[in-house]
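Structure assessment
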Amino acid sequence: MIHDFTYLQPGSVKEALAMLAEHQDDCKVICGGQSLLIVMRQGLVQTDYLMDIKRLNELSYIKYSDKDGLKIGATTTHREIEKSDVIAKKYPVLVDMEHKLASIQVRNWGTIGGNLAHADAAGDPAPVLIALNASVKVGSAKGDRTMPLEEFYTDLFETALQPGEIVLETLVPSPAPKTATTYQKFNLLESDQGIVAVAVTITLDEAGACTAARIVLGNAASVPLRAKKAEALLIGKKLTEALFEKAGEAAAEECEPVGDIHASEEYRRHLIKVLTKRMAKAAFEQAKKMG
Amino acid sequence: MEKKLLRFTVNEVPYEIYINPKALLVEAIRDHIGLTGTKRGCETVSCGACTVMVEGMAVKGCSVLAMQVDGMKVTTVEGLEENGKLDPVQKAFLDEGAFQCGFCTSGMLMSARAFLNETPKPKDEMEIRRAMEGNLCRCTGYNAIIRAIDAVAKGNYREGK
């Protein structure tokens, strides 16, 4: 049963931020609502004001330039990302991730900004975007600020958003040469959230050695987690099967998963080990083929 | 709670209703307009029984606030037939026996119609299965459902056939 609220419908970002400044202590922001409405119905979230930003079309865009990289507005839907030609060309892993995110119905209405702000540890976009070194632009009536997406997540369902702030945009740097990103989650139904998920970016130099690596674990801690010890094992090396194996073991050790109805902690660590190894290898193979 | 004015079109009929802004789309359709073909199932965005089309896109009516479709065109299962003739997808479901208890059927039909509008020639059966992943059938009658959609995609239900 959803508790009663006063429904706010701003007509512009400016108006939205002014409304939020006025009601910030007891206002939730809804966009696609694919996650929020569930927890509201379960009574886990109650709010006096609900501000609906779904119709803020000025935040619905996908822009790309080689210089500035990719910019995705907060109210852009998952389906728009999935079907974007420029994203398919420059960041195919994002299309792959979207195909694995929930169902078509959810992707048709749900938005990237809403997904990121909801901060579910099992969310699909965050690990992939962090592996792509993405930033997030947030704004309030006082102004905008941009931070690495990695720093946006502070705890389970908690973000660095201050009262009065909303997510405005996600920024992804243009792809570096000889670089590839891969993503896989483990689940029983394809449209489910991942029991765990792993995103890996590998950058190679001309000689084929790894110059940069980002390994990001989903649903393996209260926030999307960089497996920095695993990354360190790969950077500066000629990558081999044995190194992928070691990176998997390191990631399994440094993650902080919980046991729940879906999987025990031990099983999650095992899955992290296997998926890290597989995704690192897959990213390596793809990076070799990149110009 | 102050009621809000919602203006929208359901199956090409314009409606103006006053509703509590917390009302979900599926509630507006069933309880305010009285079209009960759209089902309330899991209500946690999992089962797809509440699938309707908004501006031609399949969405789950349990996870959209009714106010969010203000000014938009909604199509429910009751809107599939035209001039008393069933939609090809409906005919194919009948021919293939693509339901047992029938509770998931209206959602299945809406997802199938939205998919075929977008992808009239799916490249293989797997593409159909993926398109239907947001709809669950607890009687597990999936094969007949996929066969029915495949038959429409193959043109077996074109006019005159």
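The structure presented is a predicted model; accordingly, all values stated were derived computationally and were not measured.

Section: the overall build of chain A
Scanning chain A for helices and strands turns up 12 helices and 14 strands. Relative to the 2.2 N^0.38 estimate, which gives 19 Å for 291 residues, the radius of gyration of chain A is 19 Å and therefore close to what a compact globule would have. Overall size of chain A, expressed as C-alpha extent along the three principal axes, is 60 × 45 × 30 Å. When the 291 residues of chain A are sorted by exposure, 50% land in the buried category. In chain A, the proportion of contacts linking residues at least 24 apart, taken out of those at least 6 apart, comes to 64%.

Things to note about the domain arrangement of chain B
Residues and elements named next belong to chain B. Split into domains, chain B comes out as domain 1 (4-79) and domain 2 (88-153). Once you take the C-alpha centre of each, domain 1 and domain 2 turn out to be 21 Å apart. Each partner contributes to the interface: domain 1 provides 15 residues, whereas domain 2 provides 12 residues. Those elements that place two or more of their residues in the side of domain 1 that touches domain 2 are strand 3 (51-54) and strand 4 (57-60). By residue number, the principal contributor to the side of domain 1 that touches domain 2 is strand 3, which donates 3 residues. For the side of domain 1 that touches domain 2, the class distribution of residues is 8 nonpolar, 6 polar and 1 charged.

Quick word on helix 5 (residues 142-153) of chain B
Residues and elements named next belong to chain B. If you check helix 5, its first and last C-alpha atoms are 16 Å apart, about what 12 residues at 1.5 Å a residue would give, namely 16 Å. Among the structural elements, helix 2 (88-96), helix 3 (105-118) and helix 4 (125-131) are those in contact with the buried residues of helix 5. Phi turns positive, to about 90°, at G155, one or two residues after helix 5.

A look at the interface of chain B and chain A
Contact with chain B, which involves 22 residues of that partner, is made by 19 residues of chain A. The dominant element in the side of chain B that touches chain A, judged by the number of residues it contributes, is strand 4 of chain B, at 4 residues. Broken down by class, the residue content of the side of chain B that touches chain A amounts to 10 nonpolar, 7 polar and 5 charged.

Observations concerning the sheet that holds strand 11 (residues 179-186) of chain A
Residue and element names in this part refer to chain A. Here we have 4 strands laid out as an open sheet, ordered 11-12-13-14, and antiparallel in their pairing. The open sheet has two edge strands with one neighbour each: strand 11 and strand 14 (225-226). As defined by bridge partners, strand 11 adjoins strand 12 (residues 196-204) across 8 bridges and the pair is classed as antiparallel. The partner of K185 across the bridge, within strand 12, is A197. Contacts from helix 12 (residues 265-289) reach strand 11, strand 12 and strand 13 (210-218) within the one sheet, and its direction differs from that of strand 12 by about 30°.

Observations regarding the nonpolar core
Residues and elements named next belong to chain A. Ranked by size, the top nonpolar core spans 141 residues in total, and within it V196, I202, L217, A251, I272 and A280 carry the most contacts. Looking at this core, the element that brings in the most residues is helix 12, giving 8 residues. Apart from the residues lying within four places of it in its own chain, the contact partners of L217 are P127, V196, V198, L225, A227, A251, C255 and I272.

Side note on the domain arrangement of chain A
Per the domain assignment, the segments making up chain A are domain 1 (6-52), domain 2 (57-172) and domain 3 (179-289). With centres defined by C-alpha atoms, the gap from domain 1 of chain A to domain 3 of chain A works out at 35 Å.

Let's talk about the packing of helix 2 of chain B against helix 3 of chain B
Residues and elements named next belong to chain B. With their axes 10 Å apart at the nearest point, helix 2 and helix 3 run at an angle of 130° to one another. By the angle class used here, helix 2 and helix 3 are oblique. Our pair here, helix 2 against helix 3, has a crossing hand that is right-handed. Taking contact as the criterion, the partners of V89, Q90 and F93 in helix 2 are, on helix 3, T105, L109, A112, R113 and L116. Classifying every residue of the contact of helix 2 with helix 3 gives 5 nonpolar, 2 polar and 1 charged.

Here we look at the pairing of strand 12 of chain A
Residue and element names in this part refer to chain A. Counting buried residues in strand 12 gives 9 out of 9 residues, a clear majority hidden from the surface. Of the two faces of strand 12, the one holding V196, V198, V200, I202 and L204 and the one holding A197, A199, T201 and T203 are both buried throughout. Hairpin connection between strand 12 and strand 13: a loop of 5 residues separates the two successive antiparallel strands, and G208 in this loop has a positive phi of roughly 90°.

Considerations on the pairing of strand 2 (residues 13-19) of chain B
Residues and elements named next belong to chain B. When you tally the buried positions in strand 2, you get 0 out of 7 residues, a small fraction of the element. Note that strand 1 (residues 4-10) and strand 2 share 7 bridges and pair antiparallel. Each bridged residue has a counterpart across the sheet, and for R7 the counterpart in strand 2 is E16. Hairpin remark: strand 1 followed by strand 2, antiparallel, with 2 residues in the connecting loop; positive phi at N11, about 50°.

So, the packing of helix 2 of chain B against helix 5 of chain B
Residues and elements named next belong to chain B. Packing of helix 2 against helix 5 leaves a shortest axis separation of 8 Å and a crossing angle of 135°. The pairing of helix 2 with helix 5 is recorded here as oblique in orientation. Between helix 2 and helix 5 lies a crossing whose hand is right-handed. Residues P88, V89, A92, F93 and E96 of helix 2 touch helix 5, and the partners they reach there are A144, R147, A148, I149, A151 and V152. Along the lines of polarity and charge, the residues of the contact of helix 2 with helix 5 split into 9 nonpolar, no polar and 2 charged.

A look at the environment of B:T36
Along the polypeptide, B:T36 turns up in the loop between helix 1 (25-32) and strand 3. Put simply, B:T36 and B:V77 are 41 residues apart on the chain and 9.3 Å apart in space, counted from C-alpha to C-alpha.

Digging into the environment of A:I62
Residue and element names in this part refer to chain A. Here I62 shows up in strand 4 (residues 62-65). Once the C-alpha coordinates of I62 and D52 are considered, the two residues, 10 residues apart in sequence, prove to be 21 Å apart. Every residue in contact with I62, bar those within four places of it in the chain, is listed here: I72, T76, E80, I81, S84, V86 and I87.

Each value, and the rule that gives it
Residues numbered from 1 in each chain as written. Chains lettered and ligands numbered in written order. Predicted model: local features only at pLDDT ≥ 70, side-chain atom pairs only at ≥ 80, totals over all residues. Helix = DSSP H or I, 4+ residues; strand = E, 2+ residues; numbered from the N terminus. Rg over C-alpha atoms; globule rule 2.2 N^0.38 Å. Buried ≥ 20, exposed ≤ 12 C-beta atoms within 10 Å, placed from the backbone. Contact = placed C-beta atoms within 7 Å. Domains from an automatic or database assignment. Nonpolar A, V, L, I, M, F, W, Y, C, P; charged D, E, K, R; others polar. Expected span 1.5 Å × (residues − 1). Pairing = 2+ DSSP bridges. Axes fitted to C-alpha atoms, helices over the stretch in contact; angles between N-to-C directions. Core = buried A, V, L, I, M, F, W, Y, C linked by C-beta atoms within 7 Å. Parallel < 35°, antiparallel > 145°, perpendicular 65-115°, else oblique. Left-handed = near helix turned anticlockwise from the far one by under 90°.

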